[in-house]
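# Architecture at a glance
The lines below spell out each chain.
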Amino acid sequence: MSEGENEIAVHIGDVVKVYGSGDSAHTALHGINLDIRHNEFFTLLGPSGCGKTTLLRMIAGFESVTEGEISLYGQNLATSPPNRRPVNTVFQQYALFPHMTVAKNVAFGLKMKGHGEAETRARVDEMLRLVQLDRFAERRPSQLSGGQQQRVALARALAPSPKLLLLDEPLSALDLKLRQAMRLELKQIQRDAGITFIFVTHDQEEALTMSDRIAVMSEGALQQVGDSRDIYEAPVNRFVADFIGETNLPEVVIERYEGDHAVCRLGDGSELHCSVSEGAAAAGERGHLSIRPERLSFTAAGEEGSIRCVIDRTIYVGTDTQYAVHLGDGSELVVRVQNEAGEELPWSAGDEVGLRLATGAARLLSD
Amino acid sequence: MSGRESSSQKSLRRYPGFRAVALMCLFLLYVPILVVAIYSFNDIRSITTWGGFSLKWYAKAFSNPQIQSATWNSLVIAVSAATIATCVATAAAMGMTRGRRFRGQGGVFAVISIPLMIPEIVTAVASLAFFLAIGFTLGLHTILIAHTVFCIPFAYLPIAARMQGIEKAFDEAAKDLYAGRWRAFRYVLLPMMTPAIISGYMLAFIISLDDFIITSLVAGPGSTTLPLAIYGLVRVGFSPEINAISTLLLLVSMIFVSASYLVSRIGRSN
Ligand SMILES: Nc1ncnc2c1ncn2[C@@H]1O[C@H](COP(=O)(O)OP(=O)(O)O)[C@@H](O)[C@H]1O
Ligand SMILES: [Mg+2]
């Protein structure tokens, strides 16, 4: 079978997971539908407890599927035990075998698959070079740093050339600098290896920087699937807008729809043109907007097309300055303005200023 | 933690008479043993006067055919009982910590570990009654069966404790890397368990080697183990030979217990 660019690697159809039974039954996943493409860096993103690990473990074969089906390149996985699935996992705590050297850890999957000595050794060397640990082949995992252990886990999972690699929050045990470096490295390794990755994280920044596509999950259901830009720029509902990045979520009254735009009225009476997400409320009803703080800027008070507001607080955060403001009716917003070199902050607390929205900055959300 | 410990140690020392009671306990516990060990090298037949250094009681003990055969019996039984008990205990620990949870799991744990708390004489009488009821003639095989059974909980405890400490992620990682159930056990779980298994084995071995009460009830005529042989000799009349053989038994026990402790410590630090 050819594996073209748009071929579906993993199909997840109406998958439901119920833990326990009777009174203690708990539904962890409510009918998940997902198609993950060949060679994609796909991320499952959501807060802790939303069911990411559960879904990953079902794909790996460690949890039974209560309802629905999971298939890999068209082949239903229902009856394959984990050791028969061409799928490998990088575990959250790595689970490196402590009684084996780094090289033996990496060789384990190849040995179990029945590859010969010479072939195994060559592949282990190749993998250790890939993760830049060739000098550490004879060490025990306990003699490595966290970041090195993480890379051994990656090499071990990649060595048997799986069709699909699953990664459950692999970077969460590392410190910030290392985590940022590993993001780039992981993405590069995925491209070089040409293997489909499903990456699980609760860190939205991690998801945005690495993924080809992201599925945002909440409470066992998918909220939105799309690339980083879609998710950030065009969130479909309040959960996604709030979870990804920082945003203002003012309540508005929807005045009318004009083509694919809506005109909404803020609490202080000013009207805004906004893009509309699917499933938004009808004209005349109330709804919520998402306005990213960095899409707002200041001008002189009273200027044409600006909204009058008063600055309450300023917080200097290095790359930019964050302003907390309130509108005429007391409703509050956050504005972020990028800092210029050597410049004094042009606005300070107590100033009355005009608030300007970049075009397309406001988006009407479904609840 | 260490701060609290040291302060409680201080307060313990402040109890009046603590030192005296502690010294008396140590004295009563170890001085008789020390006397036995020292006088096993005595040149004359006395446990009160020292007549110079000699190994003659050891030589005499080694050439005593009764002691020879009892030692052989004890070793065969201890090795067999410890081996079988360790295998059963490992399988039980797998079932209890790795299998699917089942109803009455707590009950099974109690059934496995309660024998440690039952007075040994009760177990002994029960075993004897059982063998007689099913019409077994008493002999080495009844000793072996009884020893195997009461060694299981001793082997089980360290093995199950270690197995509980090994995260399920290791089993899963092995299976994820194409190892079936058996190979996941063989190449991952078992090597990680080895220190605990050795420790459990040595404990079971010593328990079997030292046992007197149960053995004395279920042993048939002629099937004598070392503790039974020593007891027999003592009843006939005291002889420094007994000191020698007791000292050897003590040495073996001490070696095994400290080795078991060391091995389990290595396992934990790994
Ligand atoms: N083995 C289990 N038995 C019962 N409930 C579980 C089990 N594993 C996870 N859950 C529950 O399922 C939900 C999803 O958990 P999980 O998939 O671990 O979330 P995430 O990885 O997104 O943090 C949680 O409410 C969790 O308590
Ligand atoms: Mg998780």
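Just above sits the structure.
Just so we're clear, the structure is a prediction, and the values are computed from it rather than from any experiment.

The rules behind the values
Residues numbered from 1 in each chain as written. Chains lettered and ligands numbered in written order. Predicted model: local features only at pLDDT ≥ 70, side-chain atom pairs only at ≥ 80, totals over all residues. Heavy atoms only, no water. Helix = DSSP H or I, 4+ residues; strand = E, 2+ residues; numbered from the N terminus. Buried < 20%, exposed > 50% of the residue type's maximum accessible area, 1.4 Å probe, protein only. Contact = heavy atoms within 4.5 Å. Areas by Shrake-Rupley, 256 points an atom, 1.4 Å probe, with all protein chains shown as cover. Pairing = 2+ DSSP bridges. Axes fitted to C-alpha atoms, helices over the stretch in contact; angles between N-to-C directions. Near = heavy atom within 4 Å. Polar contact = N/O pair within 3.5 Å; in protein donor to acceptor, adjacent residues only side chain to side chain. Expected span 1.5 Å × (residues − 1). Bend = angle between axes of the 7 residues up to and from the residue. Buried area = accessible area lost by both parts, 1.4 Å probe. Salt bridge = Lys/Arg side-chain N within 4 Å of Asp/Glu carboxyl O. Phe/Tyr/Trp six-rings, centres within 6.5 Å; stacked < 30°, edge-to-face > 60°. Lys NZ or Arg CZ within 6 Å of the ring centre and 35° of its normal.

Helix and strand content of chain A: eight helices and 20 strands. Each principal axis of the C-alpha distribution contributes one length, and for chain A these read about 80 × 50 × 45 Å. For chain A, with 367 residues in total, the buried portion stands at 49%. Contacts in chain A between residues at least 24 apart in sequence constitute 66% of all its contacts with a sequence separation of at least 6. In the structure as shown, chain A presents an accessible area of about 17000 Å², 45% of it carried by carbon and sulfur atoms.

To continue, consider the sheet that holds strand 10 (residues 221-226) of chain A. Residues and elements named next belong to chain A. Strand order in this open sheet of six strands is 6-7-8-3-9-10, and the pairing throughout is mixed. Both edges of this open sheet fall to strand 6 (87-90) and strand 10, since each of them pairs with a single strand only. Sheet twist, expressed as the mean angle between neighbouring strand axes with direction ignored, is 20 degrees. As paired elements, strand 3 (residues 41-45) and strand 9 (residues 213-218) share four bridges and run parallel to each other. Across the sheet, the residue bridging to Thr 43 is Ile 214, located in strand 9.

Turning to unusual backbone geometry, a few remarks are in order. Residues and elements named next belong to chain A. Of note in the backbone geometry, Asn 39 takes a positive phi value of approximately 70 degrees without being a glycine. Its location among the elements puts Asn 39 in the loop between strand 2 (26-37) and strand 3. Looking at Asn 39, the relative accessible area reads 25%, which means it is partly exposed. The backbone of Gln 132 sits at a positive phi, close to 60 degrees, despite the residue not being glycine. Structurally, Gln 132 can be placed in the loop between helix 3 (117-130) and helix 4 (146-158). Looking at Gln 132, the relative accessible area reads 51%, which means it is exposed.

Residue and element names in this part refer to chain B. Here Asn 243 is to be found in helix 12 (residues 240-269). Owing to a relative accessible area of 2%, Asn 243 belongs among the buried residues under this scheme. When sequence neighbours within four positions are dropped, the list of residues in contact with Asn 243 reads Val 36, Tyr 39, Ser 40, Ile 47 and Phe 238.

Residues and elements named next belong to chain A. Close to ligand 1 lie Tyr 19, His 26, Ala 28, Pro 47, Ser 48, Gly 49, Cys 50, Gly 51, Lys 52, Thr 53 and Thr 54, which account for all nearby residues. Gly 49 places a polar main-chain atom, nitrogen or oxygen, 2.6 Å from an oxygen atom of ligand 1. One of the backbone N or O atoms of Cys 50 is found 3.2 Å from an oxygen atom in ligand 1. Within the residue set of the shell around ligand 1, elements represented by two or more residues are strand 2 and helix 1 (52-60). Here the element with the most residues in the shell around ligand 1 is helix 1; it accounts for three residues.

This brings us to helix 5 (residues 176-193) of chain A. All names here are of chain A. Over its 18 residues, helix 5 extends 25 Å from the first C-alpha to the last, a length consistent with the 26 Å expected when each residue adds 1.5 Å. Those residues of helix 5 lying buried are Arg 179, Met 182, Arg 183, Glu 185, Leu 186, Lys 187, Ile 189 and Gln 190. Where helix 5 ends, the next residue or the one after it, Gly 194, has phi of about 65 degrees, a positive value.

Turning next to the pairing of strand 18 (residues 332-338) of chain A. With seven bridges joining them, strand 17 (residues 320-327) of chain A and strand 18 of chain A adopt antiparallel strand pairing. Residue pairing in the sheet places Gln 322 of chain A in a bridge with Arg 336 of chain A of strand 18 of chain A.

Turning next to helix 2 (residues 18-39) of chain B. Compared with an ideal rise of 1.5 Å per residue, which puts 22 residues at 32 Å, helix 2 of chain B spans 31 Å between its outermost C-alpha atoms and is within 8% of the ideal. The largest bend along helix 2 of chain B measures about 30 degrees and falls at Tyr 30 of chain B, with the proline Pro 32 of chain B one to four residues further on.

To continue, consider the sheet that holds strand 20 (residues 362-365) of chain A. By definition, the strands of a sheet pair up through backbone hydrogen bonds, in either a parallel or an antiparallel sense. Residues and elements named next belong to chain A. The strand order around the closed barrel built from five strands is 11-12-13-20-14, with neighbouring strands paired in mixed fashion. Strand-to-strand twist in this sheet, taken as the mean axis angle between neighbours without regard to direction, amounts to 55 degrees. Note that strand 11 (residues 251-258) and strand 12 (residues 261-265) share five bridges and pair antiparallel. Directly across from Arg 256, in strand 12, lies its bridge partner Val 263.

Across the boundary between the two partners, chain B contributes 16 residues, which contact 25 residues of chain A. Of the roughly 1800 Å² buried between chain B and chain A, counting both surfaces, carbon and sulfur atoms make up 66%. Ranking the residues of chain B by area buried against chain A places Asp 176, Leu 177 and Tyr 178 of chain B at the top, with a combined share of 42%. Our count for the contact surface shared by chain B and chain A stands at one salt bridge. Here Glu 172 of chain B and Arg 57 of chain A are joined by a salt bridge, their closest N and O atoms 2.8 Å apart. For the pair chain B and chain A, the interface holds seven residue pairs in polar contact (both at pLDDT 80 or more). Looking at the side of chain B that touches chain A, the elements with two or more residues in it are helix 8 (168-176) and helix 9 (181-210) of chain B.

Our next topic: the packing of aromatic side chains. For any pair of aromatic rings, geometry is given as the distance between the ring centres together with the angle between the planes. Taken as a whole and judged by the stated rule, the model has 16 aromatic pairs over all chains. Considering the side-chain rings of Phe 298 of chain A and Trp 347 of chain A, the 5.7 Å spacing of their centres and the 70 degrees angle between planes classify their relative orientation as edge-to-face. Taken together, the positions of Phe 298 of chain A in strand 15 (residues 296-300) and Trp 347 of chain A in the loop between strand 18 and strand 19 (352-357) put the pair 49 residues apart, joining distant regions of the chain. Owing to a relative accessible area of 22%, Trp 347 of chain A belongs among the partly exposed residues under this scheme. Among the aromatic residues, those joined into a cluster by ring pairs are Phe 41, Phe 197 and Phe 199 of chain A. The residue whose ring lies beneath Lys 113 of chain A is Tyr 178 of chain B, and the NZ or CZ to ring-centre distance is 5.1 Å. One residue, Arg 292 of chain A, lies across the ring of Tyr 232 of chain A, its end atom 4.0 Å from the ring centre.

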